Amino acid sequence: MTTTESAPAPADEVVLEAVGLTKHFPVRRRLRDLLSRTPTVVHAVDDVSIALRRGRVTALVGESGSGKSTVARLLAQLYPRTGGDIRLHGASIRVRGGRRFRAYVRRVQLILQDPFASLNPVHTVRYHLTRSLRIHGNAGTGPDGLEKALADLLTRVSLTPPERYLDAFPHELSGGQRQRIAIARALGADPEVLLADEPVSMLDVSIRLGVLNLLQDLKDRLNLAILYITHDIASARYFADDTIVMYAGRMVEGGDSETVTQRPAHPYTRLLTDSAPDPERITGAGGDADAATERGHGEPPSLIRPPAGCRFHPRCPHAMPRCTTELPPPIPVDDRPGHWAACWLFDPATVAAEKTGTAAATPTAGATAGQEAAR
Ligand SMILES: Nc1ncnc2c1ncn2[C@@H]1O[C@H](COP(=O)(O)OP(=O)(O)OP(=O)(O)O)[C@@H](O)[C@H]1O
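Report on the accompanying structure. (Residues numbered from 1 in each chain as written. Predicted model: local features only at pLDDT ≥ 70, side-chain atom pairs only at ≥ 80, totals over all residues.)

### Digging into helix 8 (residues 175-187)
Helical geometry note: an α-helix holds 3.6 residues per turn, so side chains three or four residues apart project in the same direction.
Part 1: Look at helix 8: 18 Å from first C-alpha to last across 13 residues, which is about the 18 Å you get at 1.5 Å a residue.
Part 2: Counting buried residues in helix 8 gives eleven out of 13 residues, a clear majority hidden from the surface.
Part 3: Inspection of helix 8 places Gln177, Arg178, Gln179, Arg180, Ile181, Ala182, Ile183, Ala184, Arg185, Ala186 and Leu187 among the buried residues, and these make up the whole buried set.
Part 4: Close packing links the buried residues of helix 8 with strand 6 (108-111), helix 4 (115-118), helix 5 (125-135), helix 6 (142-156), strand 7 (193-197) and helix 9 (205-222). (Helix = DSSP H or I, 4+ residues; strand = E, 2+ residues; numbered from the N terminus. Expected span 1.5 Å × (residues − 1). Buried ≥ 20, exposed ≤ 12 C-beta atoms within 10 Å, placed from the backbone. Contact = placed C-beta atoms within 7 Å.)

This is the structure we're talking about:
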C-alpha cells in the first residue's frame, strides 16, 4: 500500500524541520493593560528548532504547559506561527486550509492523546479508515482494492484478523485498540512524519508498552520520522533515539536519548529524571520525587511575563547572577557529540573560572555539581 515502504529513502534524511519556531497567543487585555503599548501575549513557544529524520524517533519532553503540544500543532500547521520557519524537505511551508493543507497533511499526520475524542462514536472502524484512505487517494481500485487496503491497515497495527474489527464501533474497543485505530487512520495517508502527542498517556500502564512498540515497529518498517511528545522522560529513553527537553516554552537540552536521560546536564532535566520512575534508579517509593521537589522547588513561571535570562533560574539551585539577565544559548556539553544544554554552567568561561578558582563567573558551589553531573 505505501510508497514509503517500497522505495526507502536514505536513513537519517531530515524530513520535517522547525527552525526558531515561535508562538505567542494573544490574551484578553485587562483595563490597565490597555494603556500599555505592548500587546499581552502568552509566550507558549520561543525559538524552538527540531529536525525530524527518517527512521528516527525524537522525543519532546517537558512538564505540563511547557509548550510541547503547541509545537506539535504548529508542525501540523493547525496554528499560524508567530515567528520562525517550518521546512518540509528543506522547503519553507506555511499553509492554512485548502488543497495545500491537504497535501501537507498527506505527508505529516498528527496523533492525539485521547483516542476516545479523536474517533467519532457513531461511526465504525470501517468508516474512519475508508475516509482516510479515500481522502488521501490510497483506497485502491474497486471494492476489492478498498477491502485489501483496509485489511492491510489493520494488519499493520496488529489488529487481526481484520474482519473482527472493521465493523466495530469505537465504544466496543479497548483504549489501546482505539489508539491503534487512530494510528491506522494516520497511516491511511501514507505519511512520512507522525506527530504523536502523548499517544499513550491516557492508556492503562499495562498496554502502553504495546502501543509504543507498535510505533517503533512502524518507524523501522515504514522509515517514518516520529515526534514523540511526552511528560515521561523515562519513556523517552526507552522509545526515542533523540530527546529534546522543553521548559516554559524554550528548549533547554538535547542529544541522544541515552545521554540526555542517563547523564542529564541541565538542572531542569536533572529535576525531571530524578522524579521519573525509572526502574533502574528507584530506591524507594516516592523518595526520588520528594528529593527532586526539594532541589527544584517552585512552580513553572508565568508565560505572560516569563523571567528574564534563563527561564528556569527562579527554580534553579545553581543559578548565578548572569542567569537572571542573560539568555543561555545551546552550549555543547562535551561528553557526547550532539549533546547540548542551554545553561551557563557549560559555558567554557564558567568552566575555566571554576578550574582556576577565579571568581570571574562567580558560580555558586552548585555550578561544580552541575558540571560534574554532566561528565
Ligand atoms: N489557544 C491558546 N490560547 C492561549 N494560550 C494557550 C493556547 N494554547 C496553549 N496555550 C498556553 O500555552 C502554553 C503551552 O501550552 P501547551 O499545551 O503547548 O503545553 P504542553 O507542554 O503541551 O502541556 P500539556 O502537556 O498540559 O498539554 C500554556 O501556558 C498554555 O496555557
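### Here we look at the environment of serine 201
Part 1: Here serine 201 shows up in the loop between strand 7 and helix 9.
Part 2: On the neighbour-count criterion, serine 201 (14 C-beta atoms within 10 Å) is partly exposed.
Part 3: Placed 36 residues apart in sequence, serine 201 and tyrosine 165 show a C-alpha to C-alpha distance of 23 Å.

### Details of the pairing of strand 8 (residues 225-230)
Part 1: For strand 8, a buried count of six out of six residues is recorded, marking the element as mostly surrounded by other parts of the structure.
Part 2: Of the pairings in the sheet, the one linking strand 3 (residues 56-61) to strand 8 comprises six bridges and is parallel in character. Across the sheet, the residue bridging to valine 57 is isoleucine 226, located in strand 8.
Part 3: Sheet analysis places strand 7 next to strand 8, joined by five bridges and oriented parallel. (Pairing = 2+ DSSP bridges.)

### Section: unusual backbone geometry
Part 1: Cis geometry marks the peptide bond from threonine 160 to proline 161, where omega comes out at -5°.
Part 2: Position of proline 161 relative to the elements: it lies in the loop between helix 6 and helix 7 (163-166).
Part 3: A positive phi angle, close to 65°, is found at glutamine 77, a residue other than glycine.
Part 4: Relative to the helices and strands, glutamine 77 is located in the loop between helix 2 (68-75) and strand 4 (83-88).
Part 5: A count of 21 C-beta atoms within 10 Å places glutamine 77 in the buried class.

### Considering helix 9
Part 1: Taking 1.5 Å as the rise per residue, helix 9 with 18 residues should run 26 Å; its terminal C-alpha atoms sit 26 Å apart, in good agreement.
Part 2: Turning to helix 9, the residues buried within the fold contact strand 3, helix 8, strand 7, strand 8 and helix 10 (233-239).
Part 3: Of the residues flanking the end of helix 9, it is asparagine 223, one or two places downstream, whose phi is positive at about 60°.

### Regarding the site of the ligand
Part 1: Inspection of the region around the ligand gives 13 residues, with Phe25, Ala44, Ser64, Ser69 and Thr70 positioned closest.
Part 2: Only strand 2 (41-53) and helix 2 provide two or more residues apiece to the shell around the ligand.
Part 3: The element best represented in the shell around the ligand is helix 2, accounting for three residues.
Part 4: Residues of the shell around the ligand, tallied by class, amount to four nonpolar, eight polar and one charged. (Near = placed C-beta within 6 Å. Nonpolar A, V, L, I, M, F, W, Y, C, P; charged D, E, K, R; others polar.)

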